[in-house]
Structure formats: C-alpha cells, structure tokens
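# Summary of structural features
These are the residues of each chain, in order.
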Amino acid sequence: MKLVATSFLVGATVIFFGTHAFEGPWVGYVRAAAEAGMVGALADWFAVTALFRRPLGLPIPHTAIIPTRKNMFGKTLGDFVGVNFLSPEIVQDKLKRAGIAERAGAWIKQQENAERITNELANVIKGAITVLKDEEVQAVLEHAIVKRVMEKPWGPPLGKLLNQVLTDGAHHKLVDLMCDRAYEWVRDNYDKVSLIVTDRAPTWSPKFVDAMLGDKVYTELVNFTWAVKTDVNHPMRLAVDQFLLEFSTDMQTDPATMQRAEQVKQQVIDHPDVQKLISSAWGTAKKMLIDAAEDPSSELRKRVTQGLVTLGTNLTDDPELRAKVDSWLEQAAGYVVGNYRAEITTLITDTVERWDAEETSRKIELQVGRDLQFIRINGTVVGALAGLVIYTVANVLF
C-alpha cells in the first residue's frame, strides 16, 4: 500500500514536469492539478510518517508521535477504560441485564456440565495437595489447631458443657450403664471379693470367721449394687448427681480445679499416642482426598456433582435465589471496580510502558498502516481536484 500511495505521488510529479514539454490552453489545468496533487501527497505523506517516525530522520517537532508519546497514550487509554467501562454503575447495570445467575444455573444443572466442573475441582484439589509440602501443612495444622487448643482454658467450657448435660439428664444412661456393670462384676466375682476380705483380715482371726465375713460382705455388696441398679432415686445415685453438679461448678469457678484441668490438658496433648495422631492427621487426610478426587465413582465426587445439579436447578427455578445471587454479584463487582479501578487500569498503563517504543510503533503501523496509506492516496486525488478547481476559478474570475 505504501508503494501504491507513493506511485500516486510519482505519477503527479511526472505529469507536473511532463506538462512543461507541451503547449496549449489545457496544459495549465493539468499542471495545476498535478502540482496540487504533489502538494497534497507530500503533506499527507509527512502527516502519516510523522505518526510513526521522524520524516527523513529530521528532528522536526511533533513528529514520531507514537514512539515518543507511547506512555502518555497508555495512561490515556487506561483512564478512558476506567471512566467509560469500569465505573460501578456501568458494570452493575451490565451484570443486571446479563442474568448471570439464571444462565449459570441452566448450564450447571445439566449432568455432564456438573460432572465437568467436578472433574476440574478434583484436578485443582490434586494439584494443590501435590504442591503443598507435608511438613509445612503439618506446621500450619499444629499452629492453627493444637496451639489454639492449648491457648484456651479447658475448665470453664467443659464445666459449662457438663452442667448442661446434667441439667438435661443426658448422663443418666451412662450412670445406668455403670450401675449395671458394677452389679454384674460383684455378682460374678465372689472369689475376688472374698479374697480381698480374707487378705485384709488380722492374722489372728480364724479362717472360718474370715469366710463368714467374706460371705457377708459379698452379700451386702450384691444387695447394695442391685439396689443402686434398680432404684433411680437411690441415695448413691443422688450423691453422684450432686457430686457432678458441684464438680461442673468448680471447673468454672474454682482456681484449683481449673488448674488441675489445665494439667490434664497438657498431659493429654503430650501423650505419645496423641502426638502420633496429630502428626499423621495430614497424611491420612491427604490420602483420603487424593483417593476421592481420583476415583470418579467416589462418594465425594458424587455428592459434589449432585450438589452442583441441585444448585443449578434452584437457580433456574427459584426467582428469589436468582435475585439474591445476582445482587451478590453486582455488589461484589461494584466493590471491586469502585475500590480497585486504579489497580486494574494500571495493568494497561504498565503494559504499555514495558513495550519497546520502536517495536510498538511498528506493530501499530502494520495494523492500521493500510488505511493510513489510503489517506495519502486520497490526499493526492483531493489535492489534484482542489488545484484544478482553484486554477479554473482563478482563470474565470481574472
């Protein structure tokens, strides 16, 4: 196109100089048109060339506009996009008219699409777990869970929980179980009860007296445990309830009991089995997540897929839910645009600043240069016509 435009200039020049070899009333008209065409072609060549480089390499002011003012163009473009495209009102209005929630719901509720999303989520989970280092995750878990557990005192919350359990009577089944087991143990361990009595009897006591005393103690224990087992209002049961209530209160208010609870907490955390459990928690969870993510028939993936289908169905069938989701999206987009518009437009400005000036000029010229060469062609033609008109009017008037 540059060659075509230049050929128009060359043609006008050849005609201009060629007319000097002829004589006649028509020669002046042709020469004037050719001369004006030359002027128009040269002027538009200068204008087009000045956009991208300095004509003939001369340091003429206001030339090579794109290379020298590239950064300003980037800033202006960024400001233009920020004002005309990234205002909260424009973005929110566009989202409101787009009906994103309904369209997303219609797409998600299709089984194949839900499975596709599930597959992508599974890949993300596997990738994230693979990238994470076990020791770093373990350190985070210990910091986030173990240290937080250690920082909080156990006494007051456990005492409050125990008090609530006792108030609701939820402990009665456990007490019943303990009474049943106590009675069964006494009933089935006559020899052990008798042995305890005889072992603690004085050495001077006759054996038959020890045996009678053992029988008596065993019988009383059986009767006592049976009474506790069958009578829900037995004094022993009431004493246990009273003890537990007092203990729950002490755990919340008594410093000594609270301190003891802290010691027990420390002993539990420091126990080797507990430490082993904490250390292996991430490894176990990691293996479970990877296995579930890799298995298309895993319960986790099935539940995720079904949940997505249900979500999509609700979005398409429930106008209130759609309106709520659309409102969330609009508010979120308005917040992001309103608070981070400058950072977003900086992406344009910074990108343009990193471009090489000459390379940028070259790329732009390749993109729009064809149309700019038409300007040179039109300049030659329009200039020739204007010169012809001016010459004709001048001859007519003068």
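Residues numbered from 1 in each chain as written. Predicted model: local features only at pLDDT ≥ 70, side-chain atom pairs only at ≥ 80, totals over all residues. Heavy atoms only, no water.

Moving on, we come to the overall build of the protein. When helices and strands are tallied, the protein shows 18 helices and zero strands. Taken against the 2.2 N^0.38 rule, which gives 21 Å for 398 residues, the C-alpha radius of gyration of the protein at 47 Å runs more than 25% over that of a compact globule. With the principal axes as the frame, the protein shows a C-alpha extent of 165 × 45 × 45 Å. Looking at the protein as a whole, 28% of its 398 residues qualify as buried. A separation threshold of at least 6 residues defines the contact pool for the protein, and within that pool the share at least 24 residues apart is 71%. Split by element, the accessible area of the protein, about 26,800 Å² in all, is 64% carbon and sulfur. Averaging the coordinates of the 44 positive side-chain charges in the protein and doing the same for the 50 negative ones gives two points 6 Å apart. (Helix = DSSP H or I, 4+ residues; strand = E, 2+ residues; numbered from the N terminus. Rg over C-alpha atoms; globule rule 2.2 N^0.38 Å. Buried < 20%, exposed > 50% of the residue type's maximum accessible area, 1.4 Å probe, protein only. Contact = heavy atoms within 4.5 Å. Areas by Shrake-Rupley, 256 points an atom, 1.4 Å probe, with all protein chains shown as cover. Lys, Arg positive; Asp, Glu negative; His and termini not counted. Charge placed at Lys NZ, Arg CZ, Asp CG, Glu CD.)

Moving on: the packing of aromatic side chains. Counting across every chain of the model gives seven aromatic pairs. Where Phe16 meets Phe17, the ring centres are 5.2 Å apart and the plane angle is 75°; that geometry is what we call edge-to-face. Taking relative accessible area as the criterion, Phe16 reaches 15% and is therefore assigned buried. (Phe/Tyr/Trp six-rings, centres within 6.5 Å; stacked < 30°, edge-to-face > 60°.)

Nonpolar side chains tend toward joint burial in soluble globular proteins. Core analysis: the biggest nonpolar cluster contains six residues, these being Val81, Leu86, Val91, Leu95, Ala333 and Val337. Taken together, the elements giving at least two residues each to this core come down to helix H5 (88-98) and helix H17 (319-354). The residues touching Val337, leaving out its near neighbours within four places in the chain, are Leu86, Ser87, Pro88 and Val91. In terms of nonpolar packing, the next biggest core, distinct from the first, is built from five residues, Tyr183, Val186, Val193 and Val222 among them. (Core = buried A, V, L, I, M, F, W, Y, C linked by side-chain atoms within 4.5 Å.)

Our focus in this paragraph is the packing of helix H7 (residues 111-131) against helix H16 (residues 299-317). At a minimum axis separation of 9 Å, H7 and H16 run at an interaxial angle of 130°. As judged from the angle between their axes, H7 and H16 are oblique. Relative to H16, H7 is oriented so that their crossing is right-handed. Only Arg301, Val304, Thr305, Leu308 and Val309 of H16 make contact with H7, whose side of the interface consists of Gln111, Ala114, Glu115, Ile117, Thr118, Asn119, Leu121 and Ala122. Its residues placed into classes, the contact of H7 with H16 shows seven nonpolar, four polar and two charged. (Axes fitted to C-alpha atoms, helices over the stretch in contact; angles between N-to-C directions. Parallel < 35°, antiparallel > 145°, perpendicular 65-115°, else oblique. Left-handed = near helix turned anticlockwise from the far one by under 90°. Nonpolar A, V, L, I, M, F, W, Y, C, P; charged D, E, K, R; others polar.)

A separate point is the packing of helix H9 (residues 155-168) against helix H13 (residues 235-253). Here H9 crosses H13 at 155°, and the two axes come no closer than 7 Å. On the basis of the axis angle, H9 is roughly antiparallel to H13. Taken as a pair, H9 and H13 cross one another with a handedness that is left-handed. Here Gly155, Pro156, Leu158, Gly159, Lys160, Leu162, Asn163 and Leu166 of H9 come into contact with H13, specifically with Leu244, Leu245, Phe247, Ser248, Met251 and Gln252. Looking at the contact of H9 with H13 residue by residue, the classes come out as eight nonpolar, five polar and one charged.

By the secondary structure assignment, Arg376 is in helix H18 (residues 357-397). No salt bridge is formed by the buried Arg376. Its closest oppositely charged neighbour is Asp44, at 7.7 Å. For Arg376, the side chain forms a polar contact with the side chain of Thr6, separated by 3.2 Å. Leave out the neighbours within four places in its chain, and Arg376 touches Lys2, Ala5, Thr6, Ala41, Asp44, Trp45 and Val48. (Salt bridge = Lys/Arg side-chain N within 4 Å of Asp/Glu carboxyl O. Polar contact = N/O pair within 3.5 Å; in protein donor to acceptor, adjacent residues only side chain to side chain.)

Among the surface-exposed residues, Val389, Val393, Val396, Leu397 and Phe398 lie close enough to one another that they form a single nonpolar patch of about 590 Å² accessible area. Assignment of secondary structure puts Phe398 in the segment after H18. (Patch = residues over 30% accessible without salt bridge, like charges linked within 9 Å, V, L, I, M, F, W, Y side chains within 5 Å.)

In this section: the pattern of salt bridges. Scanning the model with the defined rule gives ten salt bridges in all. Put simply, Lys229 and Asp180 hold a salt bridge, and the shortest N to O gap is 2.7 Å. Pair noted here: Lys229 is in helix H12 (residues 207-230) and Asp180 is in helix H10 (residues 172-188), with a separation of 49 residues, a long-range link. The exposure class assigned to Lys229 is partly exposed, which follows from its relative accessible area of 26%. One network of salt bridges, in which partners are shared, links Lys2, Arg53 and Glu365.

Spatial relationships are all this shows, so hold off on functional conclusions.
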